[in-house]
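Architecture and fold: a report
Okay, here's what each chain looks like letter by letter:
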Amino acid sequence: MKERDQLLPGVALPGAEDGFDFGEGPRPAADAGKSAGAGHRARLRERLLTGGAEALADYEVLEYLLFAAIPRGDTKPIAKTLIAQFGSLAGALNADPKALQRVKGVGENSAASLKAVALAARRMTRGEIVKKPVLGSWQALIDYLTTDMAHLTVERVRILYLDTRNRLIEDHHLGDGSIDEAAIHPREVIRRAMDVGASAMILVHNHPSGSPEPSRADIQITQRIAEAGRLLGVTVHDHVIIGREGHTSLRSKGLI
């Protein structure tokens, strides 16, 4: 006879993968908090699964995401603090993990859970433009760039190199810092286009201030790169500036 059967003869104890069923009757007082918490989580899960895209408020989305890292306890105060601290759901998901962990109740596991969701969102939006003509998938491109760059706290410059069918060859991270001639050398931008076999490109950078309006330096460097590209048969389709308040296309403003 197994040791577990000897403990209580005639009573089968649950195995490692069995669960305890407490029935529908009242639970002991010590379990009241756990029961209430479990009930709240179940109701939130039901709303998520049946209520559509707008079923949960932004803080409730965070609250639910934190369930995986915090199996017990109330995650609502943490979620509301994250929204207040970082300004929005997107701000919290895109925050630096160390900054997340400075919020009371957020540990390494919680920060990793939120970063995984942000990574999944970027992968999903990137998937909408890979192997497709970028100019024909413009909104998908803007969605990808916004997801990836709108909440960065540093200015980042990227070049999207395209083939003859305007499909993405390379999403090149050129560097971080202000966009001016000291940071971007037109000849190097065009040389890389030749190296990867690109016939066109889209310049992209973000404004951490939130406003996507172009500066004089933005306009000047774009025009210099476009001129250098024309000399070697590489087209600059656009320069897109991303900010929390939206995006700006220099071509749509007639600046290229």
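Residues numbered from 1 in each chain as written. Predicted model: local features only at pLDDT ≥ 70, side-chain atom pairs only at ≥ 80, totals over all residues. Heavy atoms only, no water.

In the nomenclature of an unreviewed UniProt entry, the protein chain is known as DNA repair protein RadC of Erythrobacter fulvus. UniProt, in the comment section headed Sequence similarities (unreviewed entry), describes the protein chain in these words: "Belongs to the UPF0758 family." (UniProt positions renumbered as here; feature names shortened; annotations may be inferred.)

**Structural notes on the nonpolar core**
Core analysis: the largest hydrophobic core is formed by 18 residues, its most contacted members being Leu141, Leu145, Ile202, Val204 and Ile242. Of all elements in the fold, only α8 (138–149), β1 (156–162), β3 (200–206) and β4 (235–243) reach the threshold of two or more residues within this core. Examining the composition of this core, we find that 6 residues originate from one element, α8, more than from any other. Aside from chain neighbours lying at most four places away, what touches Leu145 is Ala150, Arg158, Val204, Val240 and Ile242. (Core = buried A, V, L, I, M, F, W, Y, C linked by side-chain atoms within 4.5 Å. Buried < 20%, exposed > 50% of the residue type's maximum accessible area, 1.4 Å probe, protein only. Helix = DSSP H or I, 4+ residues; strand = E, 2+ residues; numbered from the N terminus. Contact = heavy atoms within 4.5 Å.)

**Here's the deal with the packing of aromatic side chains**
Enumeration according to the criterion identifies 1 aromatic pair in this entry. Centre to centre, the rings of Tyr64 and Phe67 are 5.1 Å apart; their planes meet at 55°, and the pair counts as tilted. Residue Tyr64 and its partner Phe67 are located together in helix α3 (residues 58–67), separated by 3 residues, close to a single helical turn. On the basis of relative accessibility, which here comes to 23%, the residue Tyr64 falls in the partly exposed class. One Lys or Arg, Lys80, reaches over the ring of Tyr59 and ends 4.8 Å from the middle of that ring. (Phe/Tyr/Trp six-rings, centres within 6.5 Å; stacked < 30°, edge-to-face > 60°. Lys NZ or Arg CZ within 6 Å of the ring centre and 35° of its normal.)

**Considering α3**
Regarding α3, the residues found buried are Glu60, Leu62, Glu63, Leu66 and Phe67. Down the axis of α3, the buried set is contained in an arc of 160°. They therefore lie on one face. (Arc of directions from axis to C-beta.)

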